[in-house]
Amino acid sequence: MPATFILFFVAAAAPFPFGSTNDLSIAFWCLCLGMAVIFAPTRDLRASRLWLLAGIGVIVAGYAFVLHEQLSDHPWVAPFQPIWKQASDLLGVPIAPSASIVKNEAFFALGAPLANILAIILGITVGADRERARRLLWVIAISGALYALYGVLSFLIEPTMILWRDKTAYLGSVTGTFINRNTAAAYFGSCAVIWMLLILEDVRRRLPERHIEWRRLSLDVRAIPPKEILPQLGCLLMCLMAMFMTGSRAGVGLSLLAMIVSTTIFLRKDLPPRTGIWIALGAGVTIALGLLQLFGGRVSSRFDSQGLVDEGRIEAWKSTLRIIGDNPWFGTGMGTFQWAFPPYRSPNISIRGVWDAAHSTPLELASEVGIPMALLVSLGWAVMLLVLARGVFGRRRDVIIPLSAAATATLSLLHSCLDFTLQVPGYSIPFFALFGAGLAQSFRTKEGRIPADAVSASRRGEGPPTTADTTLRRTPQLHKSV
């Protein structure tokens, strides 16, 4: 299907052009995703998935209202920014006021949120089919491993270049095709989470026991042909190596935490009761600390010297809170943070450099669009995580899809509270598509609907007879007519 192919192409290619942070790249991805939405398959959409799309529609309506208020010369309820009257008085000429501190900037800043919305809509519609959802998971995992391979090789061969441009920052860190090492760490870490779950699912499927016999686990794993598991292990190790070589504290720490928790959740039914989960978490933390000592020397040194968060970033958050306090309802305008920040800049922040991001997506969102819209987006995230949790603990098969989505969504959300990961389209577009697929697969298949391939397999003797197959055998005339 055209929509499926376009979604896979965008999910794989979005990180390539320097994280797709420039307007031309964002416009191209919006065009591709918009065309895919037009041709998106809808036959697998059930009432639960339509409700999800309706919820996204509410958020879109909220964005449209805020956009109207910030762009219109005659907003319905938003007050004009006082700086326009001040500028008019100083210049002695009339200036048309606006609810935004930078006129029309909200229109140009709409690209990245629009791409994310289109990606999650496509993820729900395309990912409503389990096979397409699994293919999307593999597309993101394989493309992530390839970007990790490029990042490591480019760092070893020519560390002063990103693709065909000179690398001006983070010369001592792997960034892949991204400009910022923190975003690169979150991307490689998210892909490592997916590879870990794919490997666990493959190994678990090959084990002969219904429940894992931990005493025989090493023998069972050694019985797996190496050629069938080594490529996946190689991809996982490549993503982990690239992640550690970024030197990002929060990116590495949160990625390891996501791997530990998602692995424990995936194996929870095979763990001993009561103490099993705690033993698994403790073992995961021990392994993570060992990996930090083995591969994360630069990360550990940054933790020792700077702690979890540097003081300049904390002061920037305090300044952003003051911006929100002065503009609580409609913010300063979408995309205007770099112009709104200087008057509020804390004297405790170094005068070196320009703060064009708050390094906290929730705070920056609230400062630009106001508290009500930020709360609406937060509610959407809360609902999404609850639905994904329902899928993780409610599905009996394909649990890896909602679990991968939940793990990467939690990772990216927590990391965006400390940085701006979700504001980089090269990261957000593929993973919003994965979030959509995870949401679509968080609901059980409709009862009584048995896939045709399962019926065919049962007729060939490759599996137990299904209810539908038994019914057809008992009714020859119906079988003949079908």
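Residues numbered from 1 in each chain as written. Predicted model: local features only at pLDDT ≥ 70, side-chain atom pairs only at ≥ 80, totals over all residues. Heavy atoms only, no water.

**Details of the overall build of the protein chain**
Note the following rule: In this description a helix means any DSSP run of H or I spanning at least four residues, a strand means any run of E spanning at least two, and both kinds are numbered starting from the N terminus. Working rule for contacts: check all heavy atoms of both residues, and any pair within 4.5 Å makes them a contact. Accessibility throughout is a Shrake-Rupley quantity obtained with a 1.4 Å probe, and a residue counts as covered only by protein chains that appear here.
Along its length, the protein chain carries 22 helices and two strands. Long-range contacts, defined here as pairs at least 24 residues apart, represent 73% of the contacts in the protein chain between residues at least 6 apart. When the accessible area of the protein chain is evaluated, it comes to approximately 24,000 Å², of which 67% is carbon and sulfur surface.

**Section: helix H10 (residues 226-245)**
Put simply, the rule reads: To estimate how far a helix should extend, the number of its residues minus one is multiplied by 1.5 Å. Relative accessibility decides the category of a residue: with a 1.4 Å probe and only protein chains considered, values under 20% of the type maximum give buried, values over 50% give exposed, and everything between is partly exposed.
In this model, H10 (20 residues) spans 27 Å end to end at C-alpha, consistent with the 28 Å of a helix rising 1.5 Å per residue. Regarding H10, the residues found buried are Ile-229, Gln-232, Leu-236, Met-238, Cys-239, Leu-240, Ala-242, Met-243 and Phe-244. Where H10 terminates, the next one or two residues include Gly-247, which has phi positive at roughly 75°.

**Concerning helix H3 (residues 47-71)**
Since one α-helical turn is 3.6 residues long, residues separated by three or four positions face the same way. In this model H3 runs 35 Å from its N-terminal to its C-terminal C-alpha over 25 residues, within 8% of the 36 Å that 1.5 Å per residue would give. Within H3, the full set of buried residues consists of Arg-49, Leu-52, Ile-56, Ile-59, Gly-62, Tyr-63, Val-66, Leu-67, Glu-69 and Gln-70. On the buried face of H3, the contacting elements are helix H5 (105-108), helix H6 (111-126), helix H16 (361-369), helix H17 (371-394) and helix H19 (425-440).

**Focus on the confidence of the model for the protein chain**
Basically, it comes down to this: Note: pLDDT gives the predictor's confidence per residue, expressed from 0 to 100.
Summing up the model confidence of the protein chain, the mean pLDDT is 84 and the portion of residues at 70 or higher is 85%. Across residues 447-482 the pLDDT falls below 50, and counting only partners more than four positions away or on other chains, this stretch makes 28 contacts in the model.

**Structural notes on the packing of helix H8 (residues 181-206) against helix H18 (residues 400-416)**
When two helices pack together, their arrangement is captured by the angle between the axes and the distance separating the axes. Stated precisely, the cut-off is as follows: Geometry is summarised by axes, namely lines fitted to C-alpha atoms with helices restricted to the contacting stretch, and by angles between N-to-C directions that run from 0 to 180 degrees. Roughly parallel means an angle under 35 degrees; roughly antiparallel means over 145; roughly perpendicular covers 65 to 115; every other angle is labelled oblique. The sense of a crossing depends on the near helix, which, turned anticlockwise from the far helix by less than a right angle, makes the crossing left-handed and, turned clockwise, makes it right-handed. Think of it as three bins: nonpolar holds Ala, Val, Leu, Ile, Met, Phe, Trp, Tyr, Cys and Pro, charged holds Asp, Glu, Lys and Arg, and polar takes everything else, Gly as well.
Where H8 meets H18, the closest approach of the two axes is 10 Å, and the angle between their N-to-C directions is 160°. When the axes of H8 and H18 are compared, the pair comes out roughly antiparallel. Where H8 crosses over H18, the two elements pack in a sense that is right-handed. Between H8 and H18, the residues in contact are Asn-182, Ala-186, Gly-189, Ser-190, Val-193, Ile-194, Leu-197, Leu-198 and Glu-201 and Ile-400, Leu-403, Ser-404, Ala-407, Thr-408, Leu-411 and His-415, respectively. Among the residues making up the contact of H8 with H18, the classes are represented as nine nonpolar, six polar and one charged.

**Some words on the pattern of salt bridges**
Here is the rule we go by: Any carboxyl oxygen of Asp or Glu that lies within 4 Å of a side-chain nitrogen of Lys or Arg is treated as forming a salt bridge with it.
Applying the stated rule across the entire model yields nine salt bridges. Between Asp-419 and Arg-313 there is a salt bridge; the shortest N-O distance is 3.2 Å. Residue Asp-419 is located in the loop between H18 and H19, and its partner Arg-313 is located in helix H14 (residues 311-326); the two are separated by 106 residues in the primary sequence. Here Asp-398 makes a salt bridge to Arg-395, at a shortest N to O gap of 3.8 Å.

**Re the side chain of Ser-262**
Just so we agree on the cut-off: As used in this structure description, the phrase polar contact means that two N or O atoms lie within 3.5 Å; if the pair is within protein, one of them must be able to donate a hydrogen and the other to accept it, and residues adjacent in sequence are counted only when both atoms belong to side chains.
Checked against the element boundaries, Ser-262 lands in helix H11 (residues 249-266). A residue is classified by how much of its surface remains accessible, and Ser-262, at 2% relative accessible area, is buried. Here the side chain of Ser-262 touches Ala-258 through a polar contact of 2.7 Å, landing on its backbone oxygen. Of the polar contacts made by the side chain of Ser-262, one reaches the backbone oxygen of Met-259; its length is 3.3 Å. Once residues lying within four places of it in the same chain are set aside, the contact partners of Ser-262 are Val-193, Leu-197, Leu-403 and Ala-407.

**Focus on unusual backbone geometry**
In the Ramachandran plot, Phe-18 falls in the positive-phi region, its phi being about 60° despite a non-glycine side chain. Following the sequence through the fold, Phe-18 ends up in the loop between helix H1 (2-13) and helix H2 (23-38). At Leu-163, a residue that is not glycine, the phi angle is positive and equals roughly 55°. As for its placement among the helices and strands, Leu-163 is situated in the loop between strand E1 (161-162) and strand E2 (165-166).

**Overview of the side chain of Thr-421**
Within the element layout of this structure, Thr-421 appears in the loop between H18 and H19. For Thr-421, a relative accessible area of 0% gives the class buried. A distance of 2.4 Å separates polar atoms of two side chains, one belonging to Thr-421 and the other to His-415. Once residues lying within four places of it in the same chain are set aside, the contact partners of Thr-421 are Thr-183, Ala-186, His-415, Ser-416 and Tyr-427.

**Quick notes on a nonpolar patch on the surface**
Let me state the cut-off plainly: Each patch is built from salt-bridge-free residues with over 30% relative accessible area, joining like charges within 9 Å and nonpolar side chains (Val, Leu, Ile, Met, Phe, Trp, Tyr) within 5 Å.
A cluster of nonpolar side chains, namely Trp-138, Ile-142, Leu-146, Leu-149, Leu-153, Leu-156 and Ile-157, defines an oily patch on the protein surface of about 680 Å² accessible area. With respect to the helices and strands, Trp-138 occurs in helix H7 (residues 130-157). Owing to a relative accessible area of 30%, Trp-138 belongs among the partly exposed residues under this scheme.

**What to know about the nonpolar core**
Across soluble globular proteins, nonpolar side chains have a tendency to be buried as a group. Going by this rule: In this text, buried Ala, Val, Leu, Ile, Met, Phe, Trp, Tyr and Cys residues form a nonpolar core when linked through side-chain atoms within 4.5 Å.
Counting residues in hydrophobic clusters, the biggest one holds 113 residues, and the most contacted among them are Leu-33, Phe-188, Phe-431 and Phe-435. Considering each element in turn, this core owes the most residues, 15 residues, to H8. Not counting residues up to four positions away in its chain, the partners in contact with Leu-33 are Leu-7, Val-10, Ala-115, Leu-118, Ala-119, Leu-122 and Ile-429. Formed by ten residues, the second largest nonpolar core is a distinct cluster that contains Phe-337, Ala-340, Phe-341 and Ile-349.

**Comments concerning the state of the cysteines**
Rules: The disulfide criterion used throughout: a pair of cysteine sulfur atoms within 2.5 Å.
This model, assessed by the stated rule, comprises zero disulfides. Cys-235 takes part in no disulfide bond, and the closest cysteine sulfur to it belongs to Cys-239, at a distance of 6.9 Å. Cysteine Cys-239 shares no disulfide, and the gap to the nearest cysteine sulfur, in Cys-191, comes to 5.2 Å. Here Cys-239 falls in the buried class, since its relative accessible area comes to 0%.

**So, the packing of aromatic side chains**
By convention here, two paired aromatic rings are described through the distance between centres and the angle between planes. Using the following cut-off: Centres within 6.5 Å make a pair out of two Phe, Tyr or Trp rings, where for Trp the six-membered ring is used; the pair is then stacked when the planes are under 30 degrees apart, edge-to-face when over 60, and tilted otherwise.
Under the defined criterion, the tally for this structure stands at 19 aromatic pairs. When the ring of Phe-18 is compared with that of Trp-164, the centres are 5.1 Å apart and the planes differ by 80°; the resulting orientation is edge-to-face. Of this pair, Phe-18 sits in the loop between H1 and H2 while Trp-164 sits in the loop between E1 and E2; the two residues are 146 residues apart in sequence, bridging distant segments of the chain. A relative accessible area of 4% means that Phe-18 is categorised as buried. For Trp-164, a relative accessible area of 57% translates into the label exposed. Seen from their ring centres, Trp-138 and Trp-195 are 5.6 Å apart, and the 85° between their planes marks the pair as edge-to-face. Placement of Trp-138 in helix H7 and of Trp-195 in helix H8 is noted, with a sequence separation of 57 residues between them.

**Notes on a positive patch on the surface**
For clarity, the threshold we go by: Think of it this way: Lys and Arg go in the positive column, Asp and Glu in the negative one, and His and the chain ends go nowhere. Where a charge lies is defined by one atom per residue type: Lys uses NZ, Arg uses CZ, Asp uses CG and Glu uses CD.
Positive charge collects at one region of the surface, where Lys-269, Arg-390, Arg-396 and Arg-444 lie side by side. Lys-269 gets classed as exposed once you look at its relative accessible area, which sits at 58%.

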